[in-house]
Amino acid sequence: MSNAELNELKRKYVANGAASPATAFADHAENAEVWDADGNRFIDFAGGIGVLNIGHRHPKVVAAVKAQLDKVMHTCQTVMPYEGYVRVAEKLSHLVPVRGHAKVMLANSGAEALENAVKIARAATGRPNVICFDGGYHGRTFFTMAMNGKVAPYQTDFGPMPGTVFRAPYPVDYHGVSEDEAIRGLMMALKTDAGPTNTAAIILEPVLGEGGFYPAPTSFLERIRAICDELGILMIIDEVQSGFGRTGKMFAIEHSGVEPDIMTMAKSMADGMPISAVVGTDKVMDASGPNSLGGTYTGSPTACAAALAVMEVFEEENILEKSLALGEKLAKRFNQWQARYECVDNVRHLGAMAAFELVSDKHAKTPNAELAGALCKKAREEGLILLSCGMYGNTIRFLMPITIDDSVLNEGLDIIESCLESLV
Ligand SMILES: Cc1ncc(COP(=O)(O)O)c(C=O)c1O
């Protein structure tokens, strides 16, 4: 079917809130390129929002999934367990820098991992409340919606939200929130709202994803760790977007050396197969009773096969080194744009988790979300899939496969440059 015919079906049958505004339908893809239903080629700088760190259809993952399809597709792991689930748990337990011996539960999506992380934290502490951060993003289920530090479009039509979520400022110096202010806000949220003895967990992304690709300073993460230790609160690190090599380490929190109690991960964990994980200190993970966690599809055999293959690819193909190198290449080009264009500012990256901001006034740092939208739209017309993000909607973020070929990378960056030339 053509794009036009598929758009007609979408208009007629797909719910308004779930219908993509994009009009090109993906037909097939390889590494960092996608072809649509009409045969048009796109360079993919979005990776399905951070899911494809090792590229579309990595051959090793495709082979592992195909082999699994010939063995068993589903039993429900609580009805009859299978090897893939426990092997993924074993691998993650050794990879993830939580305190002490780590245990694992698998789920299907990032939001589901976060929901379970909160359930586990409540069971382990016997406390109801959680504290999250401005600009944070954790999903679209009710509890994760409440944890998101942004109202539109996630919460707007769906209130009221669960009442045990409280919020603190996230440190973003560029937009006037210093680390000290963020800590002061956190202490105030504890004192005036959540209550230190009622708070089960403090939950944050080590680099804000949807909130704008702002890395948390190491000292901020260390201070949160210390506050959690002092008050018996669990520290939950959400690595759904920053994990699996995006920042040049397997997990972004490793840059700080801070050991959380619980971590959540999903997205690039299985190269597009739906799976997520909660990994935490054994005592915490074992706090809830038998059959209290899980679901029909959680940690499905095919998704586990994909996740195991992904972890092998990381070992065999130096993905972490490639992520660091990609980050350097991106930053070099962004810095040239920052020097050349009045609208490009605040270039930043942790490994390949790279971004810049579009502003209407560099001195005043005035966000220009309209220009960010126009750039992404024009790039798409020129065959490049590009994403914006951020609390102010003016950040251009980069989530292309880390395995992208240099020629495709440069072609994509040249498209951005020519779009900037024509827009400013
Ligand atoms: C940091 C973070 N947490 C949680 C989620 C939710 O993941 P999912 O969309 O798989 O539910 C996302 C998705 O973008 C995310 O970036």
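Bear in mind the structure is a predicted one, so any value in this text is a computation, not a measurement.

### Brief notes about helix H7 (residues 179–194)
- Of the positions making up H7, those classed as buried are Glu179, Ala182, Ile183, Gly185, Leu186, Ala189, Leu190 and Ala194.
- At its buried positions, H7 is contacted by strand E5 (129–133), strand E6 (165–168), strand E7 (199–204) and helix H8 (218–231).
- Of the residues one or two after H7, Gly195 is the one with positive phi, at around 80 degrees.

### A look at the packing of helix H11 (residues 319–340) against helix H13 (residues 406–423)
- One can describe the packing of H11 onto H13 by two numbers: an axis separation of 12 Å at closest approach and a directional angle of 20 degrees. With respect to their mutual orientation, H11 and H13 come out roughly parallel. For the pair H11 and H13, the crossing hand works out as right-handed. The segment H11 lies against H13, with Leu326, Lys329, Leu330, Arg333, Phe334, Trp337 and Arg340 engaging Asp406, Leu409, Asn410, Leu413, Asp414, Ile416, Glu417, Leu420 and Glu421.
- Of the residues that constitute the contact of H11 with H13, the class distribution is 8 nonpolar, 1 polar and 7 charged.

### Topic: the pairing of strand E4 (residues 102–107)
- With 5 of 6 residues buried, E4 lies mostly within the body of the structure.
- Sheet analysis places E4 next to strand E10 (residues 276–281), joined by 6 bridges and oriented antiparallel. Of the residues in E10, the one forming a bridge with Ala107 is Ser276.

### Description of the packing of helix H4 (residues 83–95) against helix H10 (residues 301–316)
- Between H4 and H10, whose axes approach to 9 Å, the crossing angle comes to 35 degrees. Read as a crossing pair, H4 and H10 show a hand that is left-handed. Packed against H4, whose contacting residues are Gly84, Tyr85, Arg87, Val88, Lys91, Leu92 and Leu95, the element H10 presents Cys304, Ala307, Leu308, Met311 and Glu315 at the interface.

### Here's the deal with the site of the ligand
- In the vicinity of the ligand, the contacting residues are Ser109, Gly110, Ala111, Tyr137, His138, Gly139, Glu205, Glu210, Asp238, Val240, Gln241 and Lys267.
- Within the backbone of Gly110, a nitrogen or oxygen atom sits 2.8 Å from an oxygen atom of the ligand.
- The separation between a nitrogen atom of the ligand and a polar side-chain atom of Asp238 is 2.7 Å.
- When isolated, the ligand has an accessible area of 390 Å², and the protein chains bury 83% of it.

### A closer look at the domain arrangement of the chain
- Each assigned domain of the chain is listed with its residue range as follows: domain 1 (3–54 + 318–423) and domain 2 (62–316).
- Look at where the C-alpha atoms of domain 1 and domain 2 centre, and you get two points 25 Å apart.
- Facing the 35 residues of domain 1 at the interface are 35 residues of domain 2.
- Taken together, both faces of the contact between domain 1 and domain 2 bury some 3000 Å²; the carbon and sulfur share is 61%.
- By the criterion of area lost to domain 2, the three top residues of domain 1 are Leu350, Met353 and Met391, representing 25% of everything that side buries.
- Linking domain 1 to domain 2 there are 1 salt bridge.
- For Arg397, the salt bridge identified is with Glu210, shortest N-O distance 2.8 Å.
- Counting the contacts that link domain 1 with domain 2 gives 23 residue pairs in polar contact (both at pLDDT 80 or more).
- Put simply, the parts of the chain that give the side of domain 1 that touches domain 2 at least two residues each are helix H2 (47–50), H11, strand E11 (344–350), strand E12 (353–361) and strand E16 (395–398).
- A class-by-class count of the residues in the side of domain 1 that touches domain 2 yields 22 nonpolar, 8 polar and 5 charged.

### Here's the deal with the sheet that holds strand E3 (residues 41–44)
- Strand order in this open sheet of 4 strands is E1-E2-E3-E14, and the pairing throughout is mixed. Two strands bound the open sheet, and with one partner strand each, they are strand E1 (26–30) and strand E14 (384–385).
- Where strand E2 (residues 33–36) meets E3, 3 bridges bridge the pair, whose relative direction is antiparallel. The residue of E3 that forms the bridge with Glu33 is Ile43.

### Thoughts on the nonpolar core
- Judged by nonpolar contacts, the single largest core of 120 residues is most densely connected at Phe45 and Leu92.
- When residues in this core are grouped by element, the largest group, 10 residues, is from H10.
- Mapped onto the domain boundaries, this core takes at least three residues apiece from domain 1 (3–54 + 318–423) and domain 2 (62–316).
- Setting aside its immediate chain neighbours within four residues, Leu92 contacts Val104, Leu106, Phe244, Met265, Met269, Ala277, Val279 and Met311.

The rules behind these values
- Residues numbered from 1 in each chain as written.
- Predicted model: local features only at pLDDT ≥ 70, side-chain atom pairs only at ≥ 80, totals over all residues.
- Heavy atoms only, no water.
- Buried < 20%, exposed > 50% of the residue type's maximum accessible area, 1.4 Å probe, protein only.
- Helix = DSSP H or I, 4+ residues; strand = E, 2+ residues; numbered from the N terminus.
- Contact = heavy atoms within 4.5 Å.
- Axes fitted to C-alpha atoms, helices over the stretch in contact; angles between N-to-C directions.
- Parallel < 35°, antiparallel > 145°, perpendicular 65-115°, else oblique.
- Left-handed = near helix turned anticlockwise from the far one by under 90°.
- Nonpolar A, V, L, I, M, F, W, Y, C, P; charged D, E, K, R; others polar.
- Pairing = 2+ DSSP bridges.
- Near = heavy atom within 4 Å.
- Polar contact = N/O pair within 3.5 Å; in protein donor to acceptor, adjacent residues only side chain to side chain.
- Areas by Shrake-Rupley, 256 points an atom, 1.4 Å probe, with all protein chains shown as cover.
- Domains from an automatic or database assignment.
- Buried area = accessible area lost by both parts, 1.4 Å probe.
- Salt bridge = Lys/Arg side-chain N within 4 Å of Asp/Glu carboxyl O.
- Core = buried A, V, L, I, M, F, W, Y, C linked by side-chain atoms within 4.5 Å.

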